Amino acid sequence: MNSAHFTSGPVVITRVAESQWHAVEDDLTVGRGDVSRRPDGRIFISIDAWHDAAFDRLAEAMLPDLPKPLQTVVDETDLDSMSNWERAGFTARRREWEYLVPTDPEATGLGSVPPPSGVTLLGVGEAEEGPLRTLDRVIRDEVEATVGWQEMPAEMLPRLDGATLRDPSKYAAAAQSDEYVGLVRLAAVTRQPRIGLIAVRRDRQRRGIARALLAHVLGALHRGGIETASAEVNESNGAAMALFEGIGARRAGSNLELVLR
């Protein structure tokens, strides 16, 4: 590919690859822009710049040639970055709260939470792939029929082939009557595992299955020496927020997903 150059004052923008741009000022790289396609096909853009002028020049060079809509994710406390993206025309689409979740049963109050009658809990990595994929499709259809699966965390979004469950070893499950009715996805991030998804089939909700699954997973982490897990929850998901806050989880920050249409 031929490099494309955009000049404005002392900052020179060079497209160095199909999805990467550099901002150079006085022979120093003062900013980088990248574009990536998520598994579901959505396009995300990131710009890391030393100063506002470099950010603006990168945005001016990148945005006209990229398909819309474009998304980016910003730490809501980073006011300078928020201002830069808003100046480029991006607006907020949704907010995700980051929670820190204690694992100690004495802190969560989950030490004596048994599963509902007839429900068996399977720890992370113990669930069978076939029933797990069946449950994943049921839950995805139920979510799609309400808020839409695009409102799920980015790591849960489908690939272009439609798959949303990629690694069964990361899931715990609740089984009843020879089928799975609930699941928890746990990403093994170093020193602080992340709860990426907790979901129960609609016809089995409000029976304590999600709470029992959390008790099972968090208890196992605690016994393994892990004191805290993290979770990201869409602010529109009141039930999930109530579940986590009810076991002593605290908000540690928030991210905004911004969009340019």
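Above this note sits the structure.
An account of the accompanying structure is given in this report. Remember, it's a predicted structure, so these values are computed and weren't measured experimentally.

## Considerations on the overall build of the protein chain
- For the protein chain, the count of helices and strands is 6 helices and 13 strands.
- The 261 residues of the protein chain split such that 46% are buried.
- Contacts in the protein chain between residues far apart in sequence, at least 24 positions, make up 65% of those at least 6 positions apart.

## Observations regarding the packing of helix α1 (residues 52–62) against helix α2 (residues 79–87)
- It is at 10 Å that the axes of α1 and α2 come closest, and there the two elements cross at 35 degrees. Regarding α1 and α2, the two cross each other, and that crossing is right-handed. Across from D52, F55 and D56 in α1, the residues of α2 making contact are N84, W85 and R87.

## Re the pattern of salt bridges
- Summed over all chains, the structure comprises 15 salt bridges.
- Taking the shortest distance from any N to any O, the salt bridge between E257 and R93 comes out at 2.7 Å. In this pair, E257 is assigned in strand β13 (residues 250–260) and R93 in strand β7 (residues 91–102), connecting sequence segments 164 residues apart.
- Here E257 falls in the buried class, since its relative accessible area comes to 6%.
- Of the residues examined, R93 reaches a relative accessible area of 25% and is grouped as partly exposed.
- Linking R204 and D203 is a salt bridge whose minimum nitrogen-to-oxygen distance equals 3.7 Å.
- According to the relative accessible area criterion, D203 is partly exposed, its value standing at 43%.
- Put simply, R42, R93, R94, E96 and E257 are held in one network by salt bridges that share partners.

## A closer look at unusual backbone geometry
- Following K68, the chain continues to P69 via a peptide bond in cis, the omega torsion being 5 degrees.
- In this structure, S177 is a non-glycine residue whose phi angle is positive, near 55 degrees.
- Of note, S177 is situated in the loop between β9 (171–176) and β10 (179–187).
- If you check the backbone angles, D178 has positive phi at about 65 degrees while not being a glycine.
- Inspection of the secondary structure assignment puts D178 in the loop between β9 and β10.

## Quick notes on the pairing of strand β2 (residues 11–17)
- Alignment of β2 against strand β3 (residues 20–25), held across 6 bridges, turns out to be antiparallel. Within the sheet, the bridge partner assigned to R15 lies in β3 and is W21.
- From the end of β2 to the start of β3, which pair antiparallel, there are 2 residues.

Parameters and conventions
- Residues numbered from 1 in each chain as written.
- Predicted model: local features only at pLDDT ≥ 70, side-chain atom pairs only at ≥ 80, totals over all residues.
- Heavy atoms only, no water.
- Helix = DSSP H or I, 4+ residues; strand = E, 2+ residues; numbered from the N terminus.
- Buried < 20%, exposed > 50% of the residue type's maximum accessible area, 1.4 Å probe, protein only.
- Contact = heavy atoms within 4.5 Å.
- Axes fitted to C-alpha atoms, helices over the stretch in contact; angles between N-to-C directions.
- Left-handed = near helix turned anticlockwise from the far one by under 90°.
- Salt bridge = Lys/Arg side-chain N within 4 Å of Asp/Glu carboxyl O.
- Pairing = 2+ DSSP bridges.

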